[in-house]
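Coordinate inspection notes
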Amino acid sequence: MTKNSLILHCAILVSGIVAPLLFPGLVFQFAMLWIMILFALTWDVLGGQMGYNSLGNILFFGFGMYICAITQIGMFYDVGKYTAAFGAIKVDFTDQQYYLGLALGLVFAALASVVVAAVLSWVLFGLRGPYFAIGTLGAALAAAELTGSWNYVGGGGGISMPVFPGEPGARSLFFYSLCMLLTIVCYLFLRWLYQTRFGMALNAIRDDEDKAEAMGLHTNRYKMMAWSISAFFLGIVGGLFGNMTGFIEPMEVAYPTLTFGIFMVAMTLLGGKGTLWGPIIGAVLFHVLKEVTWTYLLGWQYVALGLLIIVNVVYFQQGIMGWMQEKWPERFGLVVDRAPGGAAPEDAQ
Amino acid sequence: MLDNFQILVAAPVFNVQLLLNGVLVGAVFALAAYGLALVWGVTNVKNLAQGDFVMLGGYLGYELAKHGIHPLVTVIPVAVLMYAFGWIVYKLVISRVIQRELFTSLLATFGLAIVMQQSMNLIFGPEVRTAESGFNTRELFDGLVTVTDIRMISFVLCGVLALVLVLFMKRSRMGQAIRATAQDARAARVMGVDTERVYAFTFSLNAAICGVAGVLISMIWVLQPFYGIAYSVRAFVIVTAAGLGNLPGVIVMALGLGAIEQYSGFVLGAQFQQATVVGLLVLVLVWRRLLLQRHRQALQ
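Residues numbered from 1 in each chain as written. Chains lettered and ligands numbered in written order. Predicted model: local features only at pLDDT ≥ 70, side-chain atom pairs only at ≥ 80, totals over all residues.

With that out of the way, let us pick up the overall build of chain A. Per the secondary structure count, chain A includes 17 helices and 2 strands. In summary, chain A has a C-alpha radius of gyration of 20 Å against a globular reference of 20 Å for 349 residues, a match within 12%. Once the C-alpha set of chain A is aligned to its principal axes, its extents read approximately 65 × 50 × 40 Å. Counting all 349 residues of chain A, 50% fall into the buried class. (Helix = DSSP H or I, 4+ residues; strand = E, 2+ residues; numbered from the N terminus. Rg over C-alpha atoms; globule rule 2.2 N^0.38 Å. Buried ≥ 20, exposed ≤ 12 C-beta atoms within 10 Å, placed from the backbone.)

Next comes the structure, spelled out in structure tokens:
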């Protein structure tokens, strides 16, 4: 790690710790920022590094959220009765029950998401290019529809999550630190992963899958593992997000294909796919822009989002990182971390 | 769920009702799927905004019908308007993504779908609407099976339109140019076909076809800004299962899909109708994968 990149990493870490203490009112927004970065990072494993553009990664987010909720509630109560009452019966979780349920819930969410990714990858990775994108989109839409019509988990009415035992301020800080920790772990893991033989294999699949297979790579195994890695992190963050919002339901919170699901793609493309820092820059820029302008657009937000995607894809496909690499290639060489713009958006909060 | 199934076995006449409804609605699916296959085959752009074109056509017809025009007559102005809309979209977006990698065009049309459905939501409102065509309802089998006249008319209209399109593709100069471009764009260019014009025409024609389908949908079923994605998925299911350039296959699949939806809606409950369409998409893709796998094993 060079000196500059060390300074950059430390600056981000410090601002990540200091920001919620300086602006206690915005902690939820900061937590969302970390979640958005995680979304973009995990999408880029497939979309950028492996060349498989998934439109349905949100599936693992929602799945993890539901598994976590079911674990948290099911350990102490009957889930069917709990959801049938729609929060009308007052159920209390002791501190110990809450934390134990949350911890186990997150573990199960991660494991179950990995299992789903493994099963789905058997089904969907036979598809290539646009078929894969459409197939994953279909899988995410189907998951939302099926969850919505499954009464055991509350159907379209959703589930009220167990209430955090501490004060509201402590609650947001608690989930903020978990989101930050998870995103940092994910970043470090991917950073290491992309330098290993595994990362090379992913790039080989992106460049030419048939040749990679002919060279003796078990492409299916690599594809399955790459998707499982995405699913692992997305499942955990799904469980966290469900607890952060306090209420989950299938269409808008758990499987929001047209919001979070498409944000992942938009953020990564904006920042530049296939790079380590591109998704991070894209996510920070997108989230800050979105939060600042969203309320002034008077209902036209999603039109603007769609236009952003079109303009991004049609006119600015390389993204910010790609553009910078084209403009100052000598500054990058092989080390992408030294991106001069990398720290700027982070400090801008 | 089982009760509903037993009704079907005990009273076979309900099967007639479901099949009839499915086939009559399926004809409209066939139009949208044919448009998708046309654009897919010629320009290699997979239009994820297909269903939103259908909805836009329906809303245009609905708005025109407010001014005293019979909804059925609005088919003609809507087709013209949608043709113009398709041309604008082609010039602004599609023409720039045709030569790029496939995911680019897919994502661009996905963005287009978001823009269209959200704009329609803001302009026309989120309510579910139906255009009143004012035709009678017929009763068959002593009133056990009902069928509205407008569904019959729309079915016939779909058939006529399909026939006209087939004749157009076979006979007209432009139709020949389109088929030549679909076979080999480069060779067509060498032979003096203006492929850029062919692409623009094909995409606009697709928009016009979708517009007609939308007007029919507005009369025989419902319009809602966010229902577009279901039509896109249906069109993909049909085209993926039938294969490109297989018009009889598209028609059979579309009518079959209509019937399957009606059956699943009846047996499993209405809330599963949407899930069935999406589930079928995944199934069709898996089936394709299994076919490909066999193909791959044959190579080994």
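On to the overall build of chain B, then. Summing up its helical and strand segments, chain B has 12 helices and 2 strands in all. The helix and strand sequence of chain B, counted from the amino end, reads α-α-α-α-α-β-β-α-α-α-α-α-α-α. For 300 residues, the compact-globule estimate of 2.2 N^0.38 gives 19 Å, and chain B sits close to it at 20 Å. Expressed along its principal axes, the backbone C-alpha trace of chain B runs to roughly 65 × 60 × 40 Å. A fraction of 77% describes how many contacts in chain B between residues 6 or more apart in sequence connect residues 24 or more apart. (Contact = placed C-beta atoms within 7 Å.)

Residue and element names in this part refer to chain A. Of all residues in chain A, 92% attain a pLDDT of 70 or more, and the chain-wide mean is 84. Per-residue pLDDT, averaged within each element of chain A, yields its smallest value for helix α17 (residues 344-347) (40) and its largest for helix α10 (residues 219-245) (92). Note that pLDDT drops below 50 for residues 342-349; the model gives that stretch 17 contacts with residues more than four away or on any other chain. (pLDDT = per-residue confidence, 0-100.)

So, about the interface of chain B and chain A. Opposite the 32 residues of chain B that make contact, chain A presents 31 residues. Those elements that place two or more of their residues in the side of chain B that touches chain A are α4 (75-97), α5 (102-124), α10 (228-242) and α12 (272-299) of chain B. Broken down by element, the residue count for the side of chain B that touches chain A peaks at 13 residues, all from α5 of chain B. Of the residues that constitute the side of chain B that touches chain A, the class distribution is 21 nonpolar, 8 polar and 3 charged. (Nonpolar A, V, L, I, M, F, W, Y, C, P; charged D, E, K, R; others polar.)

With that settled, the discussion passes to helix α3 (residues 50-65) of chain B. Counted at 1.5 Å a residue, the expected span for α3 of chain B with its 16 residues is 22 Å, and the 23 Å between its end C-alpha atoms agrees. Taken across its 16 residues, α3 of chain B has 15 buried, putting it largely inside the fold. (Expected span 1.5 Å × (residues − 1).)

Residue and element names in this part refer to chain A. At a minimum axis distance of 9 Å, the contact between helix α2 (residues 27-50) and helix α7 (residues 168-193) shows a crossing angle of 25 degrees. Considering the angle they form, α2 stands roughly parallel to α7. With respect to the hand of their crossing, α2 and α7 are arranged in left-handed fashion. Contact residues: α2 offers Val 27, Phe 28, Phe 30, Ala 31, Trp 34, Ile 35, Ile 37, Leu 38, Leu 41, Thr 42 and Val 45, while α7 offers Ser 172, Leu 173, Phe 175, Tyr 176, Cys 179, Met 180, Leu 182, Thr 183, Cys 186, Tyr 187 and Leu 190. Of the residues belonging to the contact of α2 with α7, the class tally is 19 nonpolar, 3 polar and no charged. (Axes fitted to C-alpha atoms, helices over the stretch in contact; angles between N-to-C directions. Parallel < 35°, antiparallel > 145°, perpendicular 65-115°, else oblique. Left-handed = near helix turned anticlockwise from the far one by under 90°.)

Attention shifts here to the pairing of strand β1 (residues 137-140) of chain B. Residues and elements named next belong to chain B. Note that β1 and strand β2 (residues 145-148) share 4 bridges and pair antiparallel. What sits directly across from Leu 140, in β2, is Val 145. Hairpin connection, β1 to β2: the antiparallel pair is bridged by 4 residues, and Phe 141 has positive phi, about 50 degrees. (Pairing = 2+ DSSP bridges.)

If you want to describe how two helices pack, look at the angle between their axes and the distance between the axes. All names here are of chain B. At a closest axis distance of 9 Å, the pairing of α3 and α4 adopts a crossing angle of 135 degrees. Classified by the angle between their axes, α3 and α4 sit oblique to one another. When you trace α3 past α4, the crossing you get is right-handed. The residues of α4 that touch α3, namely those facing Phe 53, Gly 57, Leu 60, Gly 61 and Leu 64, are Pro 77, Val 78, Leu 81 and Met 82. A breakdown of the residues in the contact of α3 with α4 according to their chemical character gives 7 nonpolar, 2 polar and no charged.

Here we take up the nonpolar core. Side chains of a nonpolar character, in soluble globular proteins, are inclined to be buried together. Residues Phe 39 of chain A together with Ala 32, Ala 33, Val 212, Ile 238, Val 250 and Ala 254 of chain B are the most contacted members of the largest nonpolar core, which totals 209 residues. Ranked by the residues each element gives to this core, the list is headed by helix α2 (residues 13-43) of chain B, at 17 residues. Setting aside residues no more than four positions away along its own chain, Phe 39 of chain A makes contact with Phe 260, Phe 263, Met 264, Met 267 and Ala 283 of chain A. (Core = buried A, V, L, I, M, F, W, Y, C linked by C-beta atoms within 7 Å.)

Before going further, it helps to spend a moment on the environment of Ser 228 of chain A. Residue and element names in this part refer to chain A. Mapped onto the elements, Ser 228 comes out in helix α10. Sequence separation of Ser 228 and Tyr 152 is 76 residues, and the distance between their C-alpha atoms is 27 Å. Apart from residues no more than four positions distant in its own chain, Ser 228 is found in contact with Val 114, Ala 117 and Ala 118.

All names here are of chain B. Here Asn 44, not a glycine, exhibits a phi torsion of approximately 65 degrees, which is positive. Here Asn 44 shows up in the loop between α2 and α3. Take Asn 44: there are 16 C-beta atoms within 10 Å of it, and that puts it in the partly exposed class.

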